[in-house]
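The residues making up each chain are set out below.
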Amino acid sequence: MAEAQRVVIPYSPRRQFMPLHDRKERWACVVAHRRAGKTVACVNELIRGALTSTKQEPRFAYVAPYYAQAKDAAWTYLKRFCSVIPGAEPNESELRVDLPNGARIRLYGADNYDRMRGGYLDGVILDEYADMDPNAWSEVIRPMLADRIGWAIFIGTPKGKNAFWELWDRSNKSPDWLPLMLRASKTGLVAKAELDDARAMMTPEQYEQEFECSFEAAIVGSYYGSDIAKIERAGQITKVEPEPLLPVYTTWDLGIGDSTSIWLWQAVGKQIRVIDHIEDHGKGLPHYAAELSARGHVYAEDFVPHDARARELGTGRTRVETLLSLGRKPRVVPMHTVMDGINAARVLMPQVWFDEDKCARGIEALRQYRREYDDKTRAFKERPLHDWTSHAADAFRYLAMAYRELTPRAPEKPKPTELQYHVNDAGQLTSNMSVREIVEMRMKRKARDL
Ligand SMILES: Nc1ncnc2c1ncn2[C@@H]1O[C@H](COP(=O)(O)OP(=O)(O)OP(=O)(O)O)[C@@H](O)[C@H]1O
Ligand SMILES: [Mg+2]
């Protein structure tokens, strides 16, 4: 019988990837910054899986979004790390390595995922998953793991709230998933000088996405994406209980054929606590009034947009009147341009706290609310895209304008009407009016006395 041979793969795992190598869960979702060593770690996870499998003819796969990418990113690593295994046979045309225990590791591109059909897998890596057609997983790869109860690792950098984000979200909620996030500011894997250099050449959003694993940054043209990301990191998207002793304000975007969106919020010191969000379509105002009553809060005013004062064709009543008749307290938000409203909302954002569950859809809409892109000029227009996010975003803009109305402004000092002189501590003579004011006052008096 041949003596067991000890093979040492020339790979020293980076400390940051140890939770992945040590995992017990069947599924893993790893969100990691650029150049963290994702592909190297995953290739080695496959090699270990292949060498230690006790099954008949184990099969492992590495999938990149494109076949050419799989070749560029992983093939050299796979060959290099397998080169120390006696009897390992690389097959250049099929991008696969056959190992002496009958195991096989093969590289694929999700651009042609159908070619994977028909086989089985004991383990699979989906690298740069955010760039992949999600059907590759659900239609083809997932069923391939069923016979042998195979495992899967999804790994990549974020690209907005797409299928990768959904997996990341799920991995944080399910016990059979390992979630692992590696941000460049925490891992120290890329030297600070290099990060600074990269930052200087990228937009803040790009940097946040590529090095800080932000799922928000990728929403190109987003008005509030980075603001929401900031308050989320500051812990302001969390469980927010209503203050029972304070009234609840509401801010409405009133849709006619469209959706109606309502934010429920309280002003607590300098904080705005957004406790709930209601959105629906095809329902009349009585429905929303009933929804609000059912929540049992003590309400202050209901801020509504300016056009709520317009008389409606069918009823001849204004929506302000309808709300009054429903026992609500409508108040019209001051006129403002959309851009002024958006700016006011952005200025306010650091003071805002959201209830993460009750406001989930509204927060998602705020993240995705963005400028309209003009395909012809290949540039953003100076106006927002009208889509499902607009209603919550408009209602939030009204919240910012409403809050300005509530915050007491410093009372204006009454203007002096009589000239008085004082001697200050330094012995100088001062007056309570400027020279200009004195002249104006004298002119007025003269005119009156004539
Ligand atoms: N454990 C390790 N030990 C030494 N060097 C490593 C290790 N892991 C990765 N590297 C090196 O770090 C660099 C980046 O590795 P890799 O290509 O795996 O990163 P990545 O996160 O997949 O990058 P990208 O975001 O560009 O896809 C490579 O030069 C690689 O050789
Ligand atoms: Mg890579």
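Since the model is a prediction, treat every value here as computed from it, not as a measurement.

Criteria and thresholds
- Residues numbered from 1 in each chain as written.
- Chains lettered and ligands numbered in written order.
- Predicted model: local features only at pLDDT ≥ 70, side-chain atom pairs only at ≥ 80, totals over all residues.
- Helix = DSSP H or I, 4+ residues; strand = E, 2+ residues; numbered from the N terminus.
- Rg over C-alpha atoms; globule rule 2.2 N^0.38 Å.
- Buried ≥ 20, exposed ≤ 12 C-beta atoms within 10 Å, placed from the backbone.
- Near = placed C-beta within 6 Å.
- Nonpolar A, V, L, I, M, F, W, Y, C, P; charged D, E, K, R; others polar.
- Axes fitted to C-alpha atoms, helices over the stretch in contact; angles between N-to-C directions.
- Parallel < 35°, antiparallel > 145°, perpendicular 65-115°, else oblique.
- Left-handed = near helix turned anticlockwise from the far one by under 90°.
- Contact = placed C-beta atoms within 7 Å.
- Domains from an automatic or database assignment.
- Pairing = 2+ DSSP bridges.
- Core = buried A, V, L, I, M, F, W, Y, C linked by C-beta atoms within 7 Å.
- Arc of directions from axis to C-beta.

Colleague: Would you mind showing me how to read the overall build of the protein here?
Modeller: From N to C terminus, the protein includes 15 helices and 19 strands. By the compact-globule yardstick of 22 Å for 450 residues, the protein is too spread out, its C-alpha radius of gyration being 31 Å. In terms of overall dimensions, the protein has a C-alpha envelope of 125 × 65 × 50 Å along the principal axes. Buried positions account for 35% of the 450 residues belonging to the protein.

Colleague: Quick question: what am I supposed to make of the site of ligand 1 here?
Modeller: Lining the immediate environment of ligand 1, one finds Ser12, Pro13, Arg14, Ala32, Arg34, Arg35, Ala36, Gly37, Lys38, Thr39 and Val40. Sorting elements by how many residues they give to the shell around ligand 1 places helix 2 (residues 38-52) first, with three residues. Broken down by class, the residue content of the shell around ligand 1 amounts to four nonpolar, three polar and four charged.

Colleague: Is there a simple way to explain the packing of helix 2 against helix 3 (residues 67-82) in this structure?
Modeller: The angle between the axes and the distance between the axes are what describe a pair of packed helices. Look at helix 2 against helix 3: their axes get within 10 Å of each other, and the N-to-C directions meet at 50°. If you check the angle between helix 2 and helix 3, you find them oblique. Crossing hand, helix 2 versus helix 3: right-handed. Contact residues: Thr39, Val40, Val43, Asn44 and Ile47 in helix 2; Ala73, Ala74, Tyr77, Leu78, Phe81 and Cys82 in helix 3. Class assignment of the residues belonging to the contact of helix 2 with helix 3 gives a composition of nine nonpolar, two polar and no charged.

Colleague: For this particular structure, what's the right way to read the domain arrangement of the protein?
Modeller: Where interface size is given, it is often the accessible area lost as the parts come together that is meant. Per the domain assignment, the segments making up the protein are domain 1 (15-218), domain 2 (237-406) and domain 3 (412-450). Relative placement of domain 1 and domain 3: their C-alpha centres are 77 Å apart.

Colleague: Teacher, can you tell me more about the packing of helix 13 (residues 360-368) against helix 14 (residues 390-406) here?
Modeller: In contact at an axis separation of 8 Å, helix 13 and helix 14 are set at 90° when each is read in the N-to-C sense. Taken together, the axes of helix 13 and helix 14 are roughly perpendicular relative to one another. Taking contact as the criterion, the partners of Gly362, Ala365 and Leu366 in helix 13 are, on helix 14, Ala392, Ala393 and Phe396. Class assignment for the residues of the contact of helix 13 with helix 14 results in five nonpolar, one polar and no charged.

Colleague: Help me out: how do you make sense of the environment of Thr238 in this one?
Modeller: Structurally, Thr238 can be placed in strand 9 (residues 237-238). You can call Thr238 partly exposed: it has 13 C-beta atoms within 10 Å. Through-space distance from the C-alpha of Thr238 to that of Trp353 is 7.6 Å; in sequence the pair is 115 residues apart.

Colleague: Would you take a moment to explain the pairing of strand 11 (residues 259-268) for this structure?
Modeller: A regular strand places its side chains on the two faces of the sheet in alternate fashion. Counting buried positions over the 10 residues of strand 11 gives seven, a clear majority of the element. By the bridge criterion, 10 bridges tie strand 11 to strand 12 (residues 271-281) in an arrangement that is antiparallel. Counterpart to Ala267 in the pairing with strand 12 is Ile272. Linking two consecutive strands that pair antiparallel, namely strand 11 and strand 12, is a turn of two residues; a positive phi of about 55° is found at Gly269 within it.

Colleague: Quick question: what am I supposed to make of the sheet that holds strand 4 (residues 96-98) here?
Modeller: Strand pairing within a sheet occurs via backbone hydrogen bonds; the two strands may be parallel or antiparallel. With respect to topology, eight strands assemble into an open sheet ordered 3-4-5-2-6-7-1-8, the strand pairing being mixed. Only two strands of the sheet have a single partner each, and these edge strands are strand 3 (89-91) and strand 8 (177-182). Within this sheet the neighbouring strands show an average axis-to-axis angle of 15°, counted without direction. Where helix 2 meets the sheet, it contacts strand 1 (27-32), strand 2 (59-64), strand 5 (104-109), strand 6 (123-127) and strand 7 (151-156), and its direction lies at approximately 170° from that of strand 6. Where helix 3 meets the sheet, it contacts strand 2, strand 3, strand 4, strand 5 and strand 6, and its direction lies at approximately 160° from that of strand 5.

Colleague: Help me understand the nonpolar core in this model?
Modeller: Of all hydrophobic cores here, the largest spans 54 residues; its most connected members are Leu46, Tyr62, Val63, Val124, Ile125, Leu126 and Phe154. Core analysis: the next-biggest nonpolar cluster, separate from the first, contains 44 residues, Phe354, Leu366, Tyr398 and Ala402 among them.

Colleague: Would you mind going over the environment of Asp98 with me for this structure?
Modeller: Note on placement: Asp98 falls in strand 4. Owing to 18 C-beta atoms within 10 Å, Asp98 belongs among the partly exposed residues under this scheme. In sequence terms Asp98 and Arg59 are 39 residues apart; their C-alpha atoms lie 9.6 Å from each other. With near-sequence residues (within four places) excluded, Asp98 lies in contact with Glu89, Asn91 and Arg104.

Colleague: Where do I start with helix 4 (residues 134-144) in this structure?
Modeller: Because the α-helix completes a turn every 3.6 residues, residues three or four places apart line up on one side. Residues of helix 4 that are buried: Ala136, Trp137, Ile141 and Met144. The arc that holds the buried residues of helix 4, viewed along the axis, is 85°, so those residues lie on one side. Exposed and facing more than 90 degrees away from the buried side of helix 4 are Asn135 and Ser138. The inward-facing, buried residues of helix 4 contact strand 2 and strand 6.

Colleague: What should I look at first to understand unusual backbone geometry in this one?
Modeller: Both trends apply: most residues other than glycine have a negative phi, and most peptide bonds are in trans. Backbone geometry places Arg35, a non-glycine residue, at a positive phi of 60°. On the secondary structure map, Arg35 appears in the loop between strand 1 and helix 2. Unusually for a residue other than glycine, Glu128 sits at a positive phi of about 55°. With respect to the secondary-structure elements, Glu128 resides in the loop between strand 6 and helix 4. For Glu128, a count of 22 C-beta atoms within 10 Å translates into the label buried.

Colleague: Please clarify how the sheet that holds strand 13 (residues 299-304) should be interpreted in this entry.
Modeller: Read across the open sheet, the seven strands follow the order 9-15-12-11-10-13-14; overall the sheet is mixed. With partners counted over all chains shown, the strands left at the sheet margins are strand 9 and strand 14 (330-332), one partner each. Bridging between strand 12 and strand 15 (residues 352-355) involves three bridges; their strand directions are parallel. Pairing of Val274 across the sheet is with Phe354, part of strand 15.

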